[in-house]
Amino acid sequence: MNILITSASKRLARHLAAELDAEHDVRLTDREDAPGAQSFTLCDLNHDEATNELVRGIDVVVHFGELDSSLSVSGQLDDAMRCTYNLLWAASEEKIPRLIYLNSLSVMGRHDESYAVTERWKPAPTTETSDLGYHLGEFVCREFARENKIDVISLRLGELVWDHGEASSSALYPEDAVQAVQKALIAEVSDGYAGSSSNWNVFHIQSAVPNARFLTAAAEQGLGYQPSPR
Amino acid sequence: MSTPQGNKSMNVLILGANGQLGPHVIKALENDGHTLWLTDINDPPDTPHEYFKLDAGDLDGVIAAAEGMDTIINLSVLRPHRQIAFDVNARGTYNAMAAAVHHGIKRVINTGPHFTIAGPTYENNDHLIGPDVPTQSGTLLYAITKSLGQEVCRIFTENHDIHVLTLLFYNFWFPDDHSADGHDVTPFSVTWQDSAEAFRPALSIDLEELPSKCETFFIFADMPHQKFTNEKAKRILGWQPTNTLAHRWTKM
């Protein structure tokens, strides 16, 4: 597969690229230069030919909802909404079959921790820019999927644990994140409820840590995701 | 500062006051005893009210303009340009909400087109579409940017002590415009005057009387199509359109 990963400067993007590279042709992109990134293309994700050129020939785009906190609030929201829209617009025009949106389980964070929160629950983000950005990016993705312009899988990821750091109740180890993306690249998930079909699918992804906050049964059933025992 | 409830006088900041709808809204509100503070990116109109040039996409500028206000009315809109549509319709609404929270303003009146909520996936298929359906804007630039702004409003009301009343419109007409009589009309049409009248109860209604902190109202004339319904605006706001635009949807 030809895979494009956005936000090349982020650690998970580099990690994903390295892990997927053995089986796929992986390219990275970012709005800022990302020294050391493999097969890298600098792109502002504007509404122009450069964005179309970026996605042309790609089979799956992996798009990060995580924002660059060094930008102003306005800059971050612009990334979350306009740049995501431009990317999806170009991907639709170039007839890219699928986009995987890397969201965060933080958009479900205001639900009580005692609740069995699944993908059926309404997102409950705060107005913190990072939370809001994740949610608004997903909002844009959903409308493109609703209009059947592209197949979108939104993976709401837990808190990444790098370098043996402390694991929260929604912890996600990098190997499980990679596995979820690998599964989402090829998953057949268009069958909807009661004989319907859908181009829009959301899955909660975290590791099987003790007292795991979020249920991952839908991802296990729909994607074949199997979090490693912890 | 006065409490923004009942018929008390308020300081009202209007963003996008010099667009198409703004002058009609100002005319409807200026005799109710409110102090209107007008802003727009365009040059000032001939007005007795305080006016200053402001880009709704300027977060710091909107926060500064909102100081001392009781209510913000967001009329700002930009349709065709990709960058500016996001700057104004989506981020501009965020800026209004952030400014309201910053200054403890309890009431924001937001505006937009009907497909902020009810896009083509509703309109192509259904009738009696009301303003409380789940949002399906579709990907049309104007619709989705306004819809993102409305989503921001909803999330702010879930997280802060603030109410948002959203008035949604589509086609506006002057009562004496007979250019297309008898050819039917978009079943979400209203006169400029009737549309502006909806802002008066939106400003004066006791916030505690609203069913929730985020309420949306469809503002259009009483028409027989039954494609959409304006019942909620009449029931909760007490708004009553005076012109049915019958000359447009009856045969000549």
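Structure: above.
Given the structure is predicted, the values throughout are model-derived calculations rather than measurements. (Residues numbered from 1 in each chain as written. Chains lettered and ligands numbered in written order. Predicted model: local features only at pLDDT ≥ 70, side-chain atom pairs only at ≥ 80, totals over all residues. Heavy atoms only, no water.)

### Thoughts on the sheet that holds strand E6 (residues 151-157) of chain A
Residue and element names in this part refer to chain A.
Stage number 1. Taken in spatial order, the seven strands of this open sheet run E3-E2-E1-E4-E5-E6-E9, and their pairing is parallel. Strands at the two margins of the open sheet, each flanked by one partner only, are strand E3 (40-42) and strand E9 (200-205). For this sheet, the mean inter-axis angle between neighbouring strands, taken without regard to orientation, is 20°.
Stage number 2. Looking at chain direction, E6 and E9 are connected through six bridges and run parallel. By the bridge assignment, Val152 is partnered in E9 with Trp200.
Stage number 3. Here helix H3 (residues 73-93) sits on the sheet in contact with strand E4 (60-64), strand E5 (98-104) and E6, set at roughly 180° to E4. (Pairing = 2+ DSSP bridges. Helix = DSSP H or I, 4+ residues; strand = E, 2+ residues; numbered from the N terminus. Axes fitted to C-alpha atoms, helices over the stretch in contact; angles between N-to-C directions. Contact = heavy atoms within 4.5 Å.)

### Things to note about the side chain of Asp194(B)
Residue and element names in this part refer to chain B.
Stage number 1. Turning to its location among the elements, Asp194 is positioned in helix H6 (residues 192-197).
Stage number 2. Of the side chains with opposite charge, Arg200 lies nearest to the buried Asp194, which makes no salt bridge, at 9.9 Å.
Stage number 3. Every residue in contact with Asp194, bar those within four places of it in the chain, is listed here: Trp239, Pro241, Thr242 and Asn243. (Buried < 20%, exposed > 50% of the residue type's maximum accessible area, 1.4 Å probe, protein only. Lys, Arg positive; Asp, Glu negative; His and termini not counted. Salt bridge = Lys/Arg side-chain N within 4 Å of Asp/Glu carboxyl O.)

### A closer look at helix H3 (residues 82-103) of chain B
All names here are of chain B.
Stage number 1. An ideal rise of 1.5 Å per residue puts 32 Å on 22 residues; H3 measures up with 30 Å between its terminal C-alpha atoms.
Stage number 2. The sharpest bend along H3 measures roughly 40° and falls at Arg91.
Stage number 3. Along H3, 17 of the 22 residues are buried, which leaves the element largely enclosed by surrounding structure.
Stage number 4. Looking at the residues trailing H3, positive phi occurs at Gly104, about 70°. (Expected span 1.5 Å × (residues − 1). Bend = angle between axes of the 7 residues up to and from the residue.)

### Describing the environment of His103(B)
Residues and elements named next belong to chain B.
Stage number 1. Within the secondary structure, His103 is located in helix H3.
Stage number 2. Given a relative accessible area of 27%, His103 falls into the partly exposed group.
Stage number 3. Remark: the alpha-carbon pair of His103 and Asp70, spanning 33 residues in sequence, is separated by 9.1 Å.
Stage number 4. What His103 contacts, discounting residues up to four positions off in sequence, is Ile63, Ala66 and Glu67.
Stage number 5. Within the structure, His103 has its side chain in polar contact with the backbone oxygen of Ile63 (distance 2.6 Å).
Stage number 6. Only 3.5 Å separates the side chain of His103 from the backbone nitrogen of Glu67, close enough to count as a polar contact. (Polar contact = N/O pair within 3.5 Å; in protein donor to acceptor, adjacent residues only side chain to side chain.)

### Focus: the interface of chain A and chain B
By a widespread convention, an interface's size corresponds to the accessible area lost as its parts come together.
Stage number 1. Of the residues lining the interface, 27 residues belong to chain A; the matching set on chain B comes to 28 residues.
Stage number 2. Summed over both sides, the interface of chain A with chain B buries roughly 2500 Å², with 62% coming from carbon and sulfur.
Stage number 3. Broken down residue by residue, the surface that chain A buries against chain B is led by Tyr85(A), Thr127(A) and Phe139(A), which jointly contribute 24%.
Stage number 4. Summed over the shared surface of chain A and chain B, the number is two salt bridges.
Stage number 5. The partner of Arg110(A) in a salt bridge is Glu158(B), with the nearest N and O atoms 2.8 Å apart.
Stage number 6. At the junction of chain A with chain B, the criterion picks out 17 residue pairs in polar contact (both at pLDDT 80 or more).
Stage number 7. Those elements that place two or more of their residues in the side of chain A that touches chain B are H3 and helix H4 (129-146) of chain A. (Buried area = accessible area lost by both parts, 1.4 Å probe.)

### Quick look at the state of the cysteines
What is meant by a disulfide is a covalent connection between two cysteines, made through their sulfur atoms.
Stage number 1. All chains considered together, the criterion is met by zero disulfides over all chains.
Stage number 2. Between Cys141(A), a free cysteine, and Cys83(A), which holds the nearest cysteine sulfur, the sulfur-to-sulfur gap is 13 Å.
Stage number 3. Judged by relative accessible area, which is 0%, Cys141(A) ranks as buried.
Stage number 4. This cysteine, Cys214(B), is not joined by any disulfide, and Cys153(B) carries the nearest cysteine sulfur, 6.4 Å off.
Stage number 5. Looking at Cys214(B), the relative accessible area reads 18%, which means it is buried. (Disulfide = S-S within 2.5 Å.)

### Remarks on the packing of aromatic side chains
Stage number 1. Inspection of every chain in the model, using the stated rule, returns 17 aromatic pairs over all chains.
Stage number 2. Summarising the aromatic geometry, the rings of Phe115(B) and Tyr170(B) are spaced 5.6 Å apart at their centres and angled 65° between planes, so their arrangement reads as edge-to-face. With Phe115(B) in the loop between strand E5 (107-113) and helix H4 (120-123) and Tyr170(B) in the loop between strand E6 (163-169) and strand E7 (171-173), this pair connects stretches of sequence that are 55 residues apart.
Stage number 3. You can call Tyr170(B) partly exposed: its relative accessible area is 32%.
Stage number 4. Ring plane angle 45° and centroid distance 6.1 Å describe the contact between Phe174(B) and Trp192(B), whose orientation is recorded as tilted. Here Phe174(B), found in the loop between E7 and strand E8 (189-191), pairs with Trp192(B), found in helix H6; they are 18 residues apart in sequence, far enough to count as distant.
Stage number 5. Overall, the relative accessible area of 8% leaves Trp192(B) in the buried class.
Stage number 6. Here the aromatic cluster, defined as three or more aromatic residues joined through ring pairs, consists of Phe169(B), Phe172(B), Phe174(B), Trp192(B) and Phe199(B).
Stage number 7. Cation over ring: Arg82(B) sits above Trp89(A), and NZ or CZ is 5.0 Å from the ring centre.
Stage number 8. For Lys232(B), the ring lying beneath its charged end belongs to Phe217(B), and the centroid distance is 5.0 Å. (Phe/Tyr/Trp six-rings, centres within 6.5 Å; stacked < 30°, edge-to-face > 60°. Lys NZ or Arg CZ within 6 Å of the ring centre and 35° of its normal.)

### A closer look at a negative patch on the surface
Stage number 1. Taken together, the side chains of Glu32(A), Asp33(A), Asp44(A) and Asp48(A) define an acidic patch exposed on the protein surface.
Stage number 2. Mapping Asp44(A) onto the fold places it in the loop between E3 and helix H2 (49-55). (Patch = residues over 30% accessible without salt bridge, like charges linked within 9 Å, V, L, I, M, F, W, Y side chains within 5 Å. Areas by Shrake-Rupley, 256 points an atom, 1.4 Å probe, with all protein chains shown as cover. Charge placed at Lys NZ, Arg CZ, Asp CG, Glu CD.)

### Observations regarding the side chain of Ser207(A)
Residues and elements named next belong to chain A.
Stage number 1. Summarising the element assignment, Ser207 is placed in the loop between E9 and helix H6 (217-222).
Stage number 2. There is a polar contact of 2.6 Å between the side chain of Ser207 and the side chain of Asp176.
Stage number 3. Those residues in contact with Ser207, other than ones at most four positions away along the chain, are Ala171, Leu172, Tyr173, Asp176, Ala212, Tyr225, Pro227 and Arg230.

Without other data, these values stay purely geometric and don't point to any function.
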